[in-house]
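Architecture and fold: a report
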Amino acid sequence: MGIAHLGVIKVLEENSIPIDIITGTSAGSAVGAFFAAGYTSDRMFEIVKKLSWKKISKLTLPKLGLLDSSMLEQFIESELGEIDIPLLPKKFAAVAVDLTSGKEKIFKFGPVSQAVRASCAIPGVFTPLVREKQILVDGGVLNFIPTNIARDMGADFIIAVKLLPPVSNKKPPDNIIQVLVASSQLAMTQIALHAPNGDVTIIPDLQGLNPYDFFQADVLFERGYIAAQEAVSKIKDALI
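Residues numbered from 1 in each chain as written. Predicted model: local features only at pLDDT ≥ 70, side-chain atom pairs only at ≥ 80, totals over all residues. Heavy atoms only, no water.

Some thoughts on the overall build of the protein chain
Each helix and strand counted, the protein chain has 9 helices and 9 strands in total. Over its C-alpha atoms the protein chain spans a radius of gyration of 17 Å, differing by no more than 12% from the 18 Å that the globule rule assigns to 240 residues. If one aligns the C-alpha atoms of the protein chain with their principal axes, the spans along those axes are about 55 × 40 × 35 Å. Excluding contacts between residues fewer than 6 apart, the proportion of contacts in the protein chain whose partners are at least 24 apart in sequence is 72%. Per element, the accessible surface of the protein chain, about 11900 Å² overall, is 56% carbon and sulfur. (Helix = DSSP H or I, 4+ residues; strand = E, 2+ residues; numbered from the N terminus. Rg over C-alpha atoms; globule rule 2.2 N^0.38 Å. Contact = heavy atoms within 4.5 Å. Areas by Shrake-Rupley, 256 points an atom, 1.4 Å probe, with all protein chains shown as cover.)

Given below as structure tokens:
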């Protein structure tokens, strides 16, 4: 689903709209980390086109999750290096949720790879990041679009991208992972519908798509691009 973010970023780049602060939850944290590290939308899309679930996850004994999220952490490190968040060229924060305390965890410091891993850990699907007494999972459980965090970090104009999971993928789930993802999507959709908007909010049309299918990368990118094009004039008018 986060691939649609790349289409949005492409439009911002084409229109020379500067981005100084980036906050993200779930897949948005992964895209945001690469963007904050200086990657262009084209470069990120090249990486995505070569990705598969086998490269960023693997089946594990289902104690805390079915898929081992440590591979995602390793993938981030292989691309960005073992870099801490404050050393990124742009201000960045990722959001996760601590199941022990029931509170959100905002990553502004520490390794980028761990922050993204925690923020992307869909409960039940991916193993959480276990750190000291914290059990950290997908930030979308509490904060689907962290506009409040961007404000706290100094943003005075926010472009939010709201990726509403499709209600139906037109294909019934046929394994336990797909069942868990589909269930998570339904819950996240309700949270997303009530998530706070930015000064401009871009909502790509994802209906009819499987947002977790890398083979649909081109279509997901295009949907993000189209939605951003429809909003770019409003962004420009506001920034003049």
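More follows now that the structure is in view.
Let's talk about the pattern of salt bridges
For the structure shown, the criterion picks out 4 salt bridges. Residue Asp-42 is joined to Lys-10 by a salt bridge in which the shortest nitrogen-to-oxygen separation is 3.0 Å. Taken together, the residues span a long stretch of sequence, with Asp-42 in helix 3 (residues 41-49) and Lys-10 in helix 1 (residues 3-14) at a distance of 32 residues. On the accessibility criterion, Lys-10 (19% relative accessible area) is buried. (Salt bridge = Lys/Arg side-chain N within 4 Å of Asp/Glu carboxyl O. Buried < 20%, exposed > 50% of the residue type's maximum accessible area, 1.4 Å probe, protein only.)

Some thoughts on helix 6 (residues 112-120)
With 8 of 9 residues buried, helix 6 lies mostly within the body of the structure. Looking at helix 6, one finds that the buried residues are Val-112, Ser-113, Ala-115, Val-116, Arg-117, Ala-118, Ser-119 and Cys-120.

A word on the packing of aromatic side chains
All told, the structure shown has 3 aromatic pairs when counted by the stated rule. Judged by centre distance (6.4 Å) and plane angle (35 degrees), the ring pair of Phe-34 and Phe-75 falls under tilted. In this pair, Phe-34 is assigned in helix 2 (residues 27-36) and Phe-75 in helix 5 (residues 70-80), connecting sequence segments 41 residues apart. Note on accessibility: Phe-34 and Phe-75 belong to one class, buried. (Phe/Tyr/Trp six-rings, centres within 6.5 Å; stacked < 30°, edge-to-face > 60°.)

Looking at the side chain of Ser-119
Mapping Ser-119 onto the fold places it in helix 6. At 3.3 Å, the side chain of Ser-119 forms a polar contact with the side chain of Ser-29. (Polar contact = N/O pair within 3.5 Å; in protein donor to acceptor, adjacent residues only side chain to side chain.)

Considering the nonpolar core
Counting residues in hydrophobic clusters, the biggest one holds 57 residues, and the most contacted among them are Ile-3 and Phe-107. Counting residues per element, this core draws most heavily on helix 9 (residues 217-239), at 9 residues. If we ignore the near neighbours within four places in the chain, the residues touching Ile-3 are Phe-45, Val-48, Phe-214, Ala-217, Leu-220 and Phe-221. (Core = buried A, V, L, I, M, F, W, Y, C linked by side-chain atoms within 4.5 Å.)

Remarks on the packing of helix 1 against helix 2
Contact pair helix 1 / helix 2: the axes reach a minimum separation of 10 Å and the direction vectors enclose 35 degrees. As for the relative orientation of helix 1 and helix 2, their crossing is right-handed in sense. Note on element contacts: helix 2 touches helix 1 through Gly-28, Val-31 and Phe-35, opposite His-5, Leu-6, Ile-9 and Glu-13. Broken down by class, the residue content of the contact of helix 1 with helix 2 amounts to 4 nonpolar, 2 polar and 1 charged. (Axes fitted to C-alpha atoms, helices over the stretch in contact; angles between N-to-C directions. Left-handed = near helix turned anticlockwise from the far one by under 90°. Nonpolar A, V, L, I, M, F, W, Y, C, P; charged D, E, K, R; others polar.)

A short note on the packing of helix 5 against helix 6
Packing of helix 5 against helix 6 leaves a shortest axis separation of 8 Å and a crossing angle of 140 degrees. By crossing handedness, the relation of helix 5 to helix 6 is classed as right-handed. Contacts between helix 5 and helix 6 involve Ser-70, Leu-72, Glu-73, Ile-76, Glu-77 and Leu-80 on the former and, on the latter, Val-112, Ser-113, Gln-114, Val-116, Arg-117 and Cys-120. Considering only residue class, the contact of helix 5 with helix 6 consists of 6 nonpolar, 3 polar and 3 charged.

Considering the environment of Ser-101
As for its placement among the helices and strands, Ser-101 is situated in the loop between strand 3 (91-98) and strand 4 (103-107). The partly exposed category is assigned to Ser-101, whose relative accessible area is 42%. Engagement of the side chain of Ser-101 in a polar contact is seen with the side chain of Asp-98, the distance being 3.1 Å. At a separation of 3.2 Å, a polar atom in the side chain of Ser-101 contacts the main-chain amide nitrogen of Lys-103.

Remarks on the pairing of strand 4
Direction of pairing for strand 3 relative to strand 4: antiparallel, over a ladder of 5 bridges. If you follow Asp-98 over to strand 4, its bridge partner there is Lys-103. Counted between consecutive antiparallel strands, the loop separating strand 3 from strand 4 contains 4 residues, among which Gly-102 sits at a positive phi close to 75 degrees. (Pairing = 2+ DSSP bridges.)

Looking at helix 3
Taken as a whole, helix 3 has its buried residues at Ser-41, Met-44, Phe-45, Ile-47 and Val-48. Taken around the axis of helix 3, the buried residues stretch over an arc of 160 degrees, which confines them to a single face. Buried residues in helix 3 make contact with helix 1, helix 2, helix 5 and helix 9. (Arc of directions from axis to C-beta.)

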